[in-house]
Each structure stands twice: as C-alpha cells, then as structure tokens.
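In case you want the letters, here they are:
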Amino acid sequence: MGTEVMAPLLYNLVRFTRPKLCLEIGMGYTSLFLAKALSDNRHDFISGRENVNKSLQKISSLSKFNSVSESFSKADKSSRLRFLESPPYLADPSYYETDHIGKLVAIDDLSSENTSASEIKAALAELSLSDHVNLVNGTFQGKAKGLKEKFGPFDFVWFDCGGMKEYDEFFSEYWDLLDPDGGILILHYTLTNTSMGYIRQKIELAKANGELPGIEILSLREPHKMMQNSFTMLRRIDNFSDQIYNEVRDISLERDV
Ligand SMILES: C[S@@+](CC[C@H](N)C(=O)[O-])C[C@H]1O[C@@H](n2cnc3c(N)ncnc32)[C@H](O)[C@@H]1O
C-alpha cells in the first residue's frame, strides 16, 4: 500500500507528539507502527515518571508542594539545572503529573482484498500490542458522533482509505472529532493525483477564506514514487498556543556562559 516509509514516519510522529487518543481509518502495515509507538510511549512514561519523581525529591521536598511542576518551579536555579540534566533529560515535570496511556482506534470494513487489514488483529497479538488498540470492523461513515461520545476528541488521526468521495465524506463528518487543542490529522496520498489533490486544495481554500481558522498545513512528497507518495498534515490550533518556558531556557544557557 506504499506506506513503507510513511509507517515509520507515523511511528516517529506519535513518539514525538505523544497523543493519548489516535484514530486510524484504513488499516494495514501502518497500524502496527502506530500501536508500537503508543506502547513505547507508555514504557517511556512509566520509567520517566519514576526518574522525574526521584530527581524532584533530590531538589525539593515533594510533600511541601501540590504538584511536581510546583516543586520544580520553587527549587533554586542550580537545582533546576541539575534536574534538567538528569534522565529523562530536559523533562517537563507537568507532563508526568497525569497518567499517560495511549489508545488507537482502528477502523476498516475489510472491503479491499489487497490489503493486510484482516491480518492485523493476529499481528498485534503476536507483538503483544493488542492492549493499545480497539479494532472496529465496519465502514467509517456514520461513526464520528459515536466515537466522540465514547472516547472524546482525538489528538492524532491518520486517514488512508478510498478516493475523493471517501476523503470528502471523512472531512465533512470527522473534522469535529479532531481536538482543537493541537490535534493532528494526516491524509495519505494528497499530491500527484487530482482526486485527493482536490480535497487538499479544498482545505487550503477553506483556510485562506477563513472557514477553517487556526490550522497549520504541510504537504510532503516522496519524489521517487509515482503513487502512494505523499501526505498532507494539519494541526488544529483553534484553542491552542504552545506554552512558553523562557525561564528554563535562561537557566540552561547559564551553564554555557
Ligand atoms: C489503502 S488501504 C490502507 C492501507 C494501510 N494504511 C497500510 O499501511 O497498509 C485502505 C483500507 O481501507 C479499507 N476501506 C475502504 N473503504 C472503507 C470504508 N468506507 N470504511 C472503512 N474502511 C474502508 C479497505 O478495506 C482497506 O483495508
């Protein structure tokens, strides 16, 4: 299905952005990479939280403060520098305050005989990744409302299913499911063909004329391939701005002076 490079890229994007709730429409090779990334995020979270708590106890008495980020902010500058230089390096204590378990909801109606979608359940079990995945056997159309009610907004969505009609239906029905607080949507194969290219242009036009305010858009192409060779990534930031940590940056720069 031409996702031999896309799948490891998705793995790394999930490792980078640490989503809690992922949605995949159109299962296959990519499903395993998404599930593995969520599993690796979970392992990192558990060991990271243990180390963060140990390091914070060295720089302050946790019991004196309400939260780990508060104990960090109350510590003196040299203690904070020591904290940043202990594993997990450069940690943001607030990330470790609430439990982090990632889940993937993966939908496929098994309508295509040419994909590996039907083998994914067994492959997930063999790789001990089943706990991270809810498999949904059926068409994606008509499921957005129920998914939002059951799981809440999704912060990472990967769409790889059908042609112009399906992409259009997906976009109309599923946009509200994407978390406005930084949710990421990736649409496969949006360049070098006019069908999904039309959907990409429609999104770009909606952004330009103000119908979709607060989105960032990037499309990338694999120049060595004639098809299945591209994606468009959107970040939804209607309600969102990245936190600023200038003070921490100043502390870490002091060491360099
Ligand atoms: C391009 S393949 C997915 C490839 C997969 N991401 C990979 O990396 O191998 C598209 C999949 O979408 C499924 N599909 C097609 N129409 C669908 C629909 N309306 N609802 C849900 N799944 C559908 C097909 O059964 C097929 O497995």
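Predicted, not measured: the structure shown is a model, and the values here were computed from it.

S.K.: I'd love a proper account of the pattern of salt bridges, names of residues and values included.
M.R.: Considering all chains together, one arrives at 15 salt bridges under this definition. The salt bridge partner of Arg-49 is Asp-99, with a shortest N-O separation of 3.4 Å. With Arg-49 in helix α2 (residues 29–59) and Asp-99 in the loop between α4 (77–84) and β2 (103–108), the pair connects residues that are 50 residues apart, well separated along the chain. With a relative accessible area of 28%, Arg-49 lands in the partly exposed category. On the basis of relative accessibility, which here comes to 41%, the residue Asp-99 falls in the partly exposed class. Put simply, Glu-169 and Lys-165 hold a salt bridge, and the shortest N to O gap is 3.1 Å. Here Glu-169 and its partner Lys-165 are both found in helix α7 (residues 164–174), 4 residues apart, which amounts to about one turn of the helix. Via salt bridges that share partners, Glu-4, Glu-222 and Lys-225 belong to a single interconnected network.

S.K.: Run through the site of the ligand, naming residues and quoting values.
M.R.: Near the ligand lie 21 residues; those nearest to it are Thr-3, Gly-26, Asp-108, Thr-115 and Asp-160. A distance of 2.9 Å separates a nitrogen atom of the ligand from a polar atom in the side chain of Thr-30. The separation between an oxygen atom of the ligand and a polar main-chain atom of Ser-112 is 3.1 Å. Computed on the free molecule, the ligand has an accessible area of 610 Å², of which 91% lies beneath the protein chains in the complex. Looking at side-chain class alone, the shell around the ligand contains 8 nonpolar, 10 polar and 3 charged residues.

S.K.: Could you give an account of unusual backbone geometry, naming the residues involved and the relevant values?
M.R.: Omega for the peptide link from Pro-87 to Pro-88 comes to -5°, which places this bond in the cis form. Tracing the backbone through its elements, the reader meets Pro-88 in the loop between α4 and β2. Although it is not a glycine, Tyr-189 adopts a positive phi angle of roughly 60°. With respect to the secondary-structure elements, Tyr-189 resides in the loop between β5 (183–188) and α8 (194–208). Phi is positive for Thr-192, which is not a glycine, with a value near 65°. Within the element layout of this structure, Thr-192 appears in the loop between β5 and α8. Judged by its relative accessible area of 43%, Thr-192 falls in the partly exposed class.

About the criteria used
- Residues numbered from 1 in each chain as written.
- Predicted model: local features only at pLDDT ≥ 70, side-chain atom pairs only at ≥ 80, totals over all residues.
- Heavy atoms only, no water.
- Salt bridge = Lys/Arg side-chain N within 4 Å of Asp/Glu carboxyl O.
- Helix = DSSP H or I, 4+ residues; strand = E, 2+ residues; numbered from the N terminus.
- Buried < 20%, exposed > 50% of the residue type's maximum accessible area, 1.4 Å probe, protein only.
- Near = heavy atom within 4 Å.
- Polar contact = N/O pair within 3.5 Å; in protein donor to acceptor, adjacent residues only side chain to side chain.
- Areas by Shrake-Rupley, 256 points an atom, 1.4 Å probe, with all protein chains shown as cover.
- Nonpolar A, V, L, I, M, F, W, Y, C, P; charged D, E, K, R; others polar.

That is the geometry; function is a separate question.
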